[in-house]
Amino acid sequence: MRDQLYINGEWVSPDLGGYMDVIDPATEQSLQRVAAGTEEDVDHAVRAARRAFTSGWSQTTGAERGQWLDALAAELEHGQEALAELEVRDNGKPLPEAQWDIGDAVACFRYYAGLARELDERQDQPLALPDERFRCHTRLEPIGVAGQIIPWNYPLLMAAWKVAPALAAGATLVLKPSELTPLTALELAGAADRVGLPAGVLNVITGRGGEAGAPLAEHPGVDKLAFTGSVPTGSKIMSAAAADIKNISLELGGKSAFIVFDDADVEAAVEWILFGIFWNQGQVCSATSRLLVQEGIAPRLMERLVQATRAITIGPGLEPGVLLGPLVSAGQLAKVLDFVAQGKASGARLLTGGQRPAHLDRGFFIEPTIFDEPDADSTIWREEVFGPFLCVKRFKTEAQAVQMANASRFGLAAAVMSQDPQRATRVSNELRAGIVWVNCSQPTFVEAPWGGMKQSGIGRELGRWGLDNYLEVKQVTEYVGEGAWGWYLK
């Protein structure tokens, strides 16, 4: 069990000696205590990252960095089962989901190991110029020191999404995990230590947002800020970045629509609807939490959806057969229950859920919840709940469905279900979202770009786009003509 910060390749106690408890959301009991880093610790970590960047890491080849990334992947894979169990105790999600997440994190490090090697081949690319007296090429250089702040819903996987491309690019970094779920980020630091990653390249600061996250965002020694989390916090991060004109990427909230047309297969639709909103207890930024159902299929679909929702097994994530674990914290449970109260008060019809399961007297559990026909201006239809909370409305025409789906300040993801390929293509092209799924919801691949439009964020993660977040493009132009340029000296 780790209760220290990882700075400059060493495990160190926090400067001010503060600690905080990490709570198991299934039992409400303390799992362990971890260091509560502060501004002083952040400063040490940023300075260590800067030294590592300037003293050699930025000059390594992509092939060399690829070896480090492969070593990290192998180390995480070796401890995969223990990491998955730790993720369950820390976050609450069912064990099969945690196993999937850890496997994806391993794959993410391996993928960026490959892209790191390809960087060597992408260097010094010549550009065709209209003036043969000049020769030009481009270089891809690491951005410098990255400050990375990650959320609690996919603790190790979100760390991998940011750490792997940063290391592949040749950047150094300070990672600040959520105060609610810091344990697997500390294990990632342990893996880096065991494989001998050079000191200062990866630093991990645990702590609260105001005491550690804000100082990281505001630190003048940070060149790049990468944040995944809520819109209000993202706005603060963006303001902090503006002071020093820092490079920034934000992956924020969502209120994603799932459009089901009359010609959809009911069983397939219900399966993907359930996956889209109840996976990870609905604590997913891209969760398809607004269901739009065409009138013709609505009676059959809704009957089957409510039936299937009530059959979902709820319990601690380590119990076999559990499909819905607890929410991550008491605060998150209170927030979701407040949305339930607002839904009832607004006049929307509660079809199922909305309360603690009768068989569970402890833990941050809530039944999967479905509200029918909320008002389009209601809070439960407009705002991100981040829980197992689905709202349903009906539509008549394709145009109406697209208009309803796009009528949101968010634009992270959307889904459309239809057996008509032309209609599916038409609708997917019209949806104002960074990610669109056709006849499915939530599949995510490290090779494909991830990010949203509107208030859902800035930039893209994953794929080559994730690597580009941590690269600067340099133009080098050489005069190869004979003699002087001849503008002033005729």
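Refer to the structure printed above.
These remarks concern the structure in this document.

Conventions and cut-offs
Residues numbered from 1 in each chain as written. Predicted model: local features only at pLDDT ≥ 70, side-chain atom pairs only at ≥ 80, totals over all residues. Heavy atoms only, no water. Axes fitted to C-alpha atoms, helices over the stretch in contact; angles between N-to-C directions. Helix = DSSP H or I, 4+ residues; strand = E, 2+ residues; numbered from the N terminus. Parallel < 35°, antiparallel > 145°, perpendicular 65-115°, else oblique. Left-handed = near helix turned anticlockwise from the far one by under 90°. Contact = heavy atoms within 4.5 Å. Nonpolar A, V, L, I, M, F, W, Y, C, P; charged D, E, K, R; others polar. Pairing = 2+ DSSP bridges. Buried < 20%, exposed > 50% of the residue type's maximum accessible area, 1.4 Å probe, protein only. Disulfide = S-S within 2.5 Å. Patch = residues over 30% accessible without salt bridge, like charges linked within 9 Å, V, L, I, M, F, W, Y side chains within 5 Å. Areas by Shrake-Rupley, 256 points an atom, 1.4 Å probe, with all protein chains shown as cover. Salt bridge = Lys/Arg side-chain N within 4 Å of Asp/Glu carboxyl O. Lys, Arg positive; Asp, Glu negative; His and termini not counted. Charge placed at Lys NZ, Arg CZ, Asp CG, Glu CD. Right-handed = clockwise from strand over helix to strand, strands pointing away.

Once that is clear, we can look at the packing of helix α3 (residues 80–91) against helix α4 (residues 95–122). Between α3 and α4, whose axes approach to 8 Å, the crossing angle comes to 125°. As the angle between them shows, α3 and α4 are arranged oblique. Crossing of α3 over α4 shows right-handed handedness. Within the contact between the two elements, α3 uses Gln80, Glu81, Leu83, Ala84, Glu85, Glu87 and Val88 and α4 uses Leu95, Ala98, Gln99, Ile102 and Gly103. Per-class residue counts for the contact of α3 with α4 are six nonpolar, three polar and three charged.

Now for the sheet that holds strand β14 (residues 349–352). Pairing in this open sheet of seven strands is mixed, and the strands run β14-β15-β16-β13-β12-β18-β19 from one edge to the other. Two strands lie at the open edges of the sheet, namely β14 and β19 (435–438), each paired on one side alone. Ignoring which end each strand starts from, the neighbouring axes of this sheet average 20° apart. Pairing geometry for strand β15 (residues 369–372) and strand β16 (residues 389–395), over four bridges, is parallel. The partner of phenylalanine 371 across the bridge, within β16, is cysteine 391.

Here the focus is the pairing of β16. Taken across its seven residues, β16 has six buried, putting it largely inside the fold. In this sheet, β16 lies alongside strand β13 (residues 290–294) in parallel orientation, the contact comprising five bridges. Within β16, the residue paired with valine 293 across the bridge is arginine 394.

Below, the discussion takes up the state of the cysteines. The full count for this structure, using the stated rule, is zero disulfides. Free cysteine cysteine 285: the closest other cysteine sulfur is in cysteine 108, separated by 15 Å. Cysteine 391 forms no disulfide, and the closest cysteine sulfur to it belongs to cysteine 285, at a distance of 18 Å. On the basis of relative accessible area, cysteine 391 is assigned to the buried category, the value being 0%.

A cluster of acidic residues, Asp15, Glu39, Glu40 and Glu218, forms a negative patch at the surface. Within the secondary structure, aspartate 15 sits in the loop between β2 (10–12) and β3 (19–24).

Here the focus is the pairing of strand β8 (residues 172–176). Judged by how many residues are buried, β8 sits mostly within the fold: five of five residues are covered. Residues of β8 alternate between two faces, with Thr172, Val174 and Lys176 on one and Leu173 and Leu175 on the opposite face, all of them buried. Judged from the five bridges that link them, strand β7 (residues 145–149) and β8 form a sheet pairing that is parallel. The residue of β8 that forms the bridge with valine 145 is threonine 172. In this fold, β7 hands off to helix α5 (residues 155–169), which returns the chain to β8; that crossover is right-handed. In terms of strand pairing, β8 meets strand β9 (residues 202–204) through three bridges, oriented parallel. Among the inter-strand pairings, valine 174 is bridged to a residue of β9, identified as asparagine 203.

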